[in-house]
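If you want the building blocks of each chain, they are given just below.
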Amino acid sequence: MENIKSYVTNNKERFIHELIELLKIPSISADSAYSQDVLNTADAVKDALEKAGCTAVEICETPGYPIVYGEKIINPKLPTVLVYGHYDVQPADPINLWTSPPFEPVIKVTDKHPEGAIFARGACDDKGQMYMHVKALEYMTVNNELPCNVKFMIEGEEEIGSSSLAWFVERNQEKLANDVILISDTGMISNSQPSITTGLRGLSYVEVEVTGPNRDLHSGLYGGAVANPINILTKMIASLHDENNHITIPGFYDKVEELSLEERAEMAKAPFSLENYKDALDIEDVYGEQGYTTNERNSIRPTLDVNGIWGGYTGEGAKTVIASKAYAKISMRLVPNQDWKEITELFKNHFESIAPKAVKVKVTPHHGGQGYVTPIDNIGYQAANKAYTETFGIPAIPQRSGGSIPIVALFEKELKSKTILMGFGLDSDAIHSPNEHFGVFNYLKGIETIPLFYKYFAELHS
Ligand code: BES
Ligand code: MN
Ligand code: MN
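You'll find the chain entered in an unreviewed UniProt entry as Acetylornithine deacetylase/Succinyl-diaminopimelate desuccinylase, with Lutibacter maritimus given as the organism.

Q: So what about the overall build of the chain? Which residues, and what values?
A: In terms of helices and strands, the chain carries 12 helices and 18 strands. The C-alpha atoms of the chain give a radius of gyration of 23 Å, which matches the 23 Å a tight globule of 462 residues would have. The principal-axis extent of the C-alpha atoms belonging to the chain is close to 80 × 50 × 45 Å. Of the contacts formed within the chain by residues at least 6 apart in sequence, a portion of 78% connects residues at least 24 apart. Counting every atom, the chain has about 20700 Å² of accessible surface; 51% of that belongs to carbon and sulfur. Computed over 41 positive and 62 negative side-chain charges, the inter-centroid distance for the chain is 3 Å.

Q: Run through the sheet that holds strand β4 (residues 106-108), naming residues and quoting values.
A: Pairing is antiparallel in the open sheet, where three strands are placed in the order β4-β5-β18. Looking along the sheet, the strands with just one partner apiece sit at the ends: β4 and β18 (437-439). Sheet twist, expressed as the average angle between the axes of neighbouring strands with direction ignored, equals 30 degrees. Bridging between strand β5 (residues 117-119) and β18 involves three bridges; their strand directions are antiparallel. Looking across to β18, one finds that Phe119 is bridged to His437.

Q: How would you summarise the pattern of salt bridges if you had to cite specific residues and measurements?
A: Close approach of charged atoms allows side chains with opposite charge to pair. Tallied over the full model, the rule gives 21 salt bridges. Between Glu412 and Lys418 there is a salt bridge, with its nearest N and O atoms 3.0 Å apart. Three or more residues are tied together by salt bridges with common partners; here these are Arg14, Glu18, Lys135 and Glu138.

Q: A description of the coordination of the manganese ion (ligand 2) should follow, citing residues and the corresponding values.
A: The protein atoms that coordinate the manganese ion (ligand 2) are His86 (NE2), Asp125 (OD), Asp185 (OD) and Asp185 (OD), at distances of 2.0 to 2.4 Å. One chain supplies every donor to the manganese ion (ligand 2), and in sequence these donors are spaced H-x38-D-x59-D. Here the manganese ion (ligand 2) and the manganese ion (ligand 3) are spaced 3.6 Å apart, linked through Asp125, which binds each one. Here the residue His86 occupies a position in strand β3 (residues 80-86), and Asp125 occupies one in the loop between β5 and α3 (127-142), the gap between them amounting to 39 residues.

Q: An account of the coordination of the manganese ion (ligand 3) is needed here, citing residue identities and associated values.
A: Around the manganese ion (ligand 3), the protein contributes the donor atoms Asp125 (OD), Glu159 (OE), Glu159 (OE) and His432 (NE2), at 2.0 to 2.5 Å from the metal centre. Summarised as a motif, the one-chain spacing of the donors to the manganese ion (ligand 3) is D-x33-E-x272-H. Looking at Asp125, the relative accessible area reads 7%, which means it is buried.

Q: I'd like to hear about the packing of aromatic side chains, residue by residue, with values.
A: To describe a pair of aromatic rings, one takes the distance between the centres and the angle between the planes. Per the counting criterion, the structure on display carries 13 aromatic pairs. A ring pair is formed by Phe252 and Tyr253, whose centres lie 5.3 Å apart and whose planes are at 80 degrees; its orientation type is edge-to-face. For the pair Phe392 and Phe441, a centre-to-centre distance of 6.3 Å together with 75 degrees between the ring planes defines the contact as edge-to-face. Of the two residues, Phe392 sits in helix α10 (residues 379-392) while Phe441 sits in helix α12 (residues 440-461), which places them 49 residues apart along the sequence. According to the relative accessible area criterion, Phe392 is buried, its value standing at 15%. Taken together through their ring pairs, the aromatic side chains of Tyr388, Phe392, Phe424 and Phe441 make up a single cluster. The residue whose ring lies beneath Lys108 is Phe119, and the NZ or CZ to ring-centre distance is 4.6 Å. Lying across the ring of Tyr69, Lys175 places its NZ or CZ 4.5 Å from the centre.

Q: Residue-level account of the nonpolar core, with values.
A: Core analysis: the largest hydrophobic core is formed by 66 residues, its most contacted members being Val81, Tyr87, Phe152, Tyr443, Phe453 and Tyr454. Listing elements by their share of this core, those giving two or more residues are α1 (4-23), α2 (35-52), β3, α3, β6 (149-155), β7 (180-183), α10 and α12. Ranked by residues supplied to this core, first place goes to α12 with 11 residues. Beyond its immediate chain neighbours, meaning those up to four positions away, Phe453 contacts Val81, Val180, Leu182, Gly380, Ala383, Ala384, Ala387, Ile420 and Met422. In terms of nonpolar packing, the next biggest core, distinct from the first, is built from 25 residues, Leu240, Ile330, Met332 and Phe347 among them.

Each value, and the rule that gives it
Residues numbered from 1 in each chain as written. Chains lettered and ligands numbered in written order. Predicted model: local features only at pLDDT ≥ 70, side-chain atom pairs only at ≥ 80, totals over all residues. Heavy atoms only, no water. Helix = DSSP H or I, 4+ residues; strand = E, 2+ residues; numbered from the N terminus. Rg over C-alpha atoms; globule rule 2.2 N^0.38 Å. Contact = heavy atoms within 4.5 Å. Areas by Shrake-Rupley, 256 points an atom, 1.4 Å probe, with all protein chains shown as cover. Lys, Arg positive; Asp, Glu negative; His and termini not counted. Charge placed at Lys NZ, Arg CZ, Asp CG, Glu CD. Pairing = 2+ DSSP bridges. Axes fitted to C-alpha atoms, helices over the stretch in contact; angles between N-to-C directions. Salt bridge = Lys/Arg side-chain N within 4 Å of Asp/Glu carboxyl O. Donors = N, O, S within 2.8 Å, 3.2 Å for Na, K, Ca; no water. Buried < 20%, exposed > 50% of the residue type's maximum accessible area, 1.4 Å probe, protein only. Phe/Tyr/Trp six-rings, centres within 6.5 Å; stacked < 30°, edge-to-face > 60°. Lys NZ or Arg CZ within 6 Å of the ring centre and 35° of its normal. Core = buried A, V, L, I, M, F, W, Y, C linked by side-chain atoms within 4.5 Å.

Shown next, in the form of C-alpha cells:
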C-alpha cells in the first residue's frame, strides 16, 4: 500500500495531464453557443468518476444543464460525505488580454507559484478544484482507504445561478442524504498559510434600464431640453452610496449582523499586508465603507457594485447623440441574515423612486442567493483542520470570504447538513478574469489533503 504523499508524487504528471484535457473543453454555461461543450464536459466528468471508482454514475437531466451524480457506498452504517463542485466556467472575455488561449492550457511560473500554475479558464474555478476530489477518490479506491461513503454531485450551472441544481436538490433529498457536504470552490490565505472558508456572502443581481425619449436624438437640437438617460442613470447610480460609502437604499442595513469587537479583533489576526494588496492591484489607495478594514469590507459587510454599464455611441470617432436608453448590471453582495429577495425588492422600489419623471425605469432581477456561515465547533470543521495541519504543518485559520456560492444555503435548508469549504485557490489566481490559473502545488496539495479529511471525519464521527 502506498501513502497519499507518494501516490501524488508518482502520479503527478498524469494528474496534471488529465486536468488539462478537461480544461480544453470550453464549458461556458452563460453562452448558448457553447451548449454542446457544456454537455461534453458533463460526459467527461462522468467518465472520470467511473474511472476513479464511483458506482452508479449518472447524467441526471434537469430543465437546464445536467448534473453528474456518482456514489461509492461501502457500508450504509458509515457516515456519508457529499462532494459538490461545478464543471461550468465563466466566459473567457476579454480574450485579447490572455497571454495564452483560455482553452489551451499551459503551465507557467508566477510570483505566487514558483512550482508553476496551469493557465486556463476554469483551472481554479472550479474544474481544477473539483478534479482534486476525483483524484482523491481514485487514491482511496486504489488503496482501499475510503473510510466512509461518498456521493458526488457536480453541476453545470453554478456560474449562472444554479437554478437547475435547486430544482434537483428539492426533488432528491433522499438520494443526496449525507452527514457533511464538502466543497472546494473557494480560496485560502497563501500557500504557507491554509485557511478554511467559514462564510460566503449572499447575492442579489439586477439589471436596470432607463428610457428617455422614444428615439435617439441629435444632441445639439435636443441637448439640455430632454433627459439624457445616460446622464440620469449615472447620477442615480452615484446616489446609491453616500460620502462615507454607505449604501443609501432605505432598509438595506436593517438585518445586517454587526460583529462584536472581539470577533473583529479575531478576524484581524489573519495575516494580511495592505501594502502588498495595493501593489498587486497597482492602486495608490484602497476605497470602501468608512469604519471598516479592507478585510471587513470584502467579507462581513454588504456592498453594491456596477458590473457593466452601456448605452449611446461607443464606436470609433464621435457621434453627437442623446441615446434613448441606458443600461447597467448591478450586483449586491449580502451578509448573513439579509434576505436576497427582500433586498432585491428594496433596490427596485428605491431605484424607481429616485428616477425623475423625465425618464422611465425598469428593474429586472436576475438571480441571487443567501449568504452562509459555518460554525467551527463541528466535526466537519475539525476534520478539515486536522487534515490541513498534517499536510501544511500548521493549523488552518477560519476566514470569511467575499464570494458567493448561493446553493450552499439551500443545501442546509433542504439537506439539513453543514458545508465545509476546503478551498485551495489563491485570490491572485484571477478567477473570472483573463489569465485564470491554478497552482500545481495547490492542485497536488488538495489531492493530498482531501483523503485525510475523510479519515478524520470518519474517526470523529464514530
Ligand atoms: N467559486 C466561486 C465563488 C467563490 C470564489 C467564493 C472564491 C469564495 C472565494 C463561484 O464560482 C462564483 O463565481 N460565484 C459567483 C456567484 C454566482 C451566482 C454567479 C460569484 O461569487 O460571483
Ligand atoms: Mn466556483
Ligand atoms: Mn465562479
